Amino acid sequence: MAVINRDPRTAEHGTRNDAVLAAVLFTAAACLALFTDEGRRPDTLGWALLLTAHVPIVWRRRHPLLVLALVVALVGPYHALDNNHAAPGPASYVALYTLAVTGRPLRTILTGVAVLTVSVSIMLTVDTHRAVELLRISGWVVAILFAGVDVRYYRQYVAAIVERAERAERTREEEARRRVAEERLRVARDLHDLLAHSITLIGVQTSVAAHVLTADPERLDRAAVAKALDDIAETCRSARGELRTTLEVLRGQDAPDARGPLPGLHGLPDLVEAARLAGARAELAVDAGDVPPAVGAAAYRIVQEALTNAVRHAGPEPSVRVEVRGERGALRLSVTDDGTGADGPRGTALDGTPGFGLVGMRERARSVGGTLDAGPRDGDTGGFEVTAVLPAPAEASRPGTAPPLTTVTPERPESDG
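Below, the structure is looked at part by part. Just so it is clear, the model here is predicted, and its values are computed rather than measured.

1. As for the overall build of the protein
Logical step 1: A count of helices and strands for the protein gives 12 helices and 6 strands.
Logical step 2: Looking at the protein residue by residue over its 417 residues, the buried ones come to 39%.
Logical step 3: Across the protein, every contact between residues at least 6 apart in sequence was considered, and the portion connecting residues at least 24 apart equals 75%.
Logical step 4: Summed over all atoms, the accessible surface of the protein reaches about 23,500 Å², with 60% contributed by carbon and sulfur.

2. Describing helix α3 (residues 44-54)
Logical step 1: Turning to α3, its buried residues are Gly46, Leu49, Leu50, Ala53 and His54. For α3, the buried positions fall inside an angular range of 135 degrees around the axis, keeping them on one side.
Logical step 2: As for α3, its buried residues are in contact with α2 (14-35), α4 (64-80) and α5 (89-102).

3. Concerning the environment of Val120
Logical step 1: By the element assignment, Val120 lies in helix α6 (residues 105-126).
Logical step 2: Between the alpha carbons of Val120 and Val132 there is a distance of 8.1 Å; along the sequence they are 12 residues apart.

4. Some details on α5
Logical step 1: Spanning 14 residues, α5 covers 20 Å between terminal C-alpha atoms, matching the ideal 20 Å at 1.5 Å per step.
Logical step 2: Extensive coverage of α5 is indicated by the burial of 11 of its 14 residues.
Logical step 3: Among the residues making up α5, those that are buried are Gly89, Ala91, Ser92, Val94, Ala95, Leu96, Thr98, Leu99, Ala100, Val101 and Thr102.

5. A few points about the packing of α2 against α5
Logical step 1: Between α2 and α5, the shortest axis-to-axis distance is 8 Å and the interhelical angle comes to 145 degrees. Between α2, through Leu21, Leu25 and Leu32, and α5, the contact on the second element is made entirely by Pro90, Ala91 and Val94.

6. What to know about the side chain of Asn84
Logical step 1: Counting through the fold element by element, Asn84 comes out in the loop between α4 and α5.
Logical step 2: At 2.5 Å, the side chain of Asn84 and the backbone oxygen of Thr36 are in polar contact.
Logical step 3: A polar contact of 3.2 Å, which involves the side chain of Asn84, links it to the backbone nitrogen of Ala87.
Logical step 4: For Asn84, the residues in contact, after removing those within four places along its chain, are Leu32, Ala33, Thr36, Asp37, Arg40, Pro42 and Tyr78.

7. Considering the side chain of Arg276
Logical step 1: Along the chain, the position of Arg276 falls in helix α10 (residues 268-277).
Logical step 2: Relative accessible area serves as the criterion here: at 14%, Arg276 is assigned to the buried category.
Logical step 3: One polar contact links Arg276 to Glu273, side chain to side chain, over a distance of 2.5 Å.

8. A look at a nonpolar patch on the surface
Logical step 1: Together, Tyr154, Tyr157 and Ile161 give the surface a local cluster of nonpolar side chains, amounting to about 290 Å² of exposed area.
Logical step 2: By the secondary structure assignment, Ile161 is in helix α8 (residues 138-215).
Logical step 3: The exposure class of Ile161 is partly exposed, given its relative accessible area of 35%.

9. Quick word on the packing of α10 against helix α11 (residues 293-313)
When two helices pack together, their arrangement is given by the angle between the helix axes and the distance between those axes.
Logical step 1: Viewed as axis vectors pointing N to C, α10 and α11 meet at an angle of 5 degrees, and their least axial separation amounts to 10 Å. One element, α10, and the other, α11, form an angle in the roughly parallel class. Judged by residue contacts, Leu268, Leu271, Val272 and Ala275 of α10 engage Tyr300, Val303, Gln304, Leu307 and Val311 from α11.
Logical step 2: Per-class residue counts for the contact of α10 with α11 are 8 nonpolar, 1 polar and no charged.

10. Quick word on the pattern of salt bridges
Logical step 1: Inspection of every chain in the model, using the stated rule, returns 11 salt bridges.
Logical step 2: Between Glu163 and Arg167 there is a salt bridge, with its nearest N and O atoms 3.6 Å apart. On the criterion of helical spacing, the pair formed by Glu163 and Arg167 is a turn pair, its members being 4 residues apart in helix α8.
Logical step 3: On the basis of relative accessible area, Glu163 is assigned to the partly exposed category, the value being 46%.
Logical step 4: Given the relative accessible area of 37%, Arg167 is considered partly exposed.
Logical step 5: A salt bridge links Arg276 to Glu273; the nearest nitrogen and oxygen atoms lie 2.5 Å apart. Of this pair, Arg276 and Glu273 both sit in helix α10, 3 residues apart, which is roughly one turn of the helix.
Logical step 6: Exposure remark for Glu273: the relative accessible area of 31% places this residue in the partly exposed category.
Logical step 7: Sharing partners across several salt bridges, the network here consists of Asp18, Arg60 and Arg61.

Reading the values: the criteria
- Residues numbered from 1 in each chain as written.
- Predicted model: local features only at pLDDT ≥ 70, side-chain atom pairs only at ≥ 80, totals over all residues.
- Heavy atoms only, no water.
- Helix = DSSP H or I, 4+ residues; strand = E, 2+ residues; numbered from the N terminus.
- Buried < 20%, exposed > 50% of the residue type's maximum accessible area, 1.4 Å probe, protein only.
- Contact = heavy atoms within 4.5 Å.
- Areas by Shrake-Rupley, 256 points an atom, 1.4 Å probe, with all protein chains shown as cover.
- Arc of directions from axis to C-beta.
- Expected span 1.5 Å × (residues − 1).
- Axes fitted to C-alpha atoms, helices over the stretch in contact; angles between N-to-C directions.
- Polar contact = N/O pair within 3.5 Å; in protein donor to acceptor, adjacent residues only side chain to side chain.
- Patch = residues over 30% accessible without salt bridge, like charges linked within 9 Å, V, L, I, M, F, W, Y side chains within 5 Å.
- Salt bridge = Lys/Arg side-chain N within 4 Å of Asp/Glu carboxyl O.
- Parallel < 35°, antiparallel > 145°, perpendicular 65-115°, else oblique.
- Nonpolar A, V, L, I, M, F, W, Y, C, P; charged D, E, K, R; others polar.

See the structure below:
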């Protein structure tokens, strides 16, 4: 079956195999010439023509039409000399079959008709009875031609099946690579959002504790220091929990409790509270119903990164407003601040190198089919604004299921003098 399915022109060692085939065919032709129809046993010239007619078989795969023409050109004089007419039959049939299995059907049919016409014409000059006999057995020639055409179509069918299977396999591999790349990008965004947010808050809270310790050592506000340290510990616990969830996803654990629930709109008050602990005057307004988990997670991460940027870059005690509003078929959110950007432009790390915050927020929005814009606010107020539109079902526009407007203002310690 492998030989039948394979295109003869692409087979390995084709010339060597055809040389062996030519030797076998000549051996069969010699046996036919010696042991059948002894009255027409070939003479010296007949043996020479018979042997020469088998030589082109060696190159039948490369030049099937030329090989058939050479075989007919050599077998014609052989028959005209009234030698054994059965001896060159196998070589002629092999040449015909090769042409049929490698060439176009129309060319095969025309060539077969031409070969039969030439053969009958030659036999009519030798023996009319032999010519009639050749016409009678011409069915074998037709059968060989149609067998070759059928095998050719079968090979094309098998090749098409193999190509489709290979294309499907390539598609599966490309899809698997795409999914892996998307998962790596998602995990990278999660780690960036988590670590950047947590480390920023810890840095701010540590600065608060250090300021309290060094401001007036004789009148140490132990409650303020303890509060700052408690906030740091709480931030560390929250970051450790989210980091553990992300790492469990990377490990591929399938336990029911391996992956916690996705963050969503219900977690926005905690983000605003964390921004308050970092010294921002934060306001939160949410007016949206239930949204798909992916959309809620994207909104949560965008707000988280926007608040982190505000705390990091907007200067001391920035005023930040977070608005989330559900509309028909969309969830709109905005995060605005009035900061001066004293700590460097948005989207950069603390050392001034380009960061991934703004890029990550845009990728978050695109991952659910939404859009995001970020840039300085217009007018004289200054500050920075992040706006995003995320697709959501119509139920997201229903009011009444969201927390009311929440205004959170940082507590100011009483002045000592």
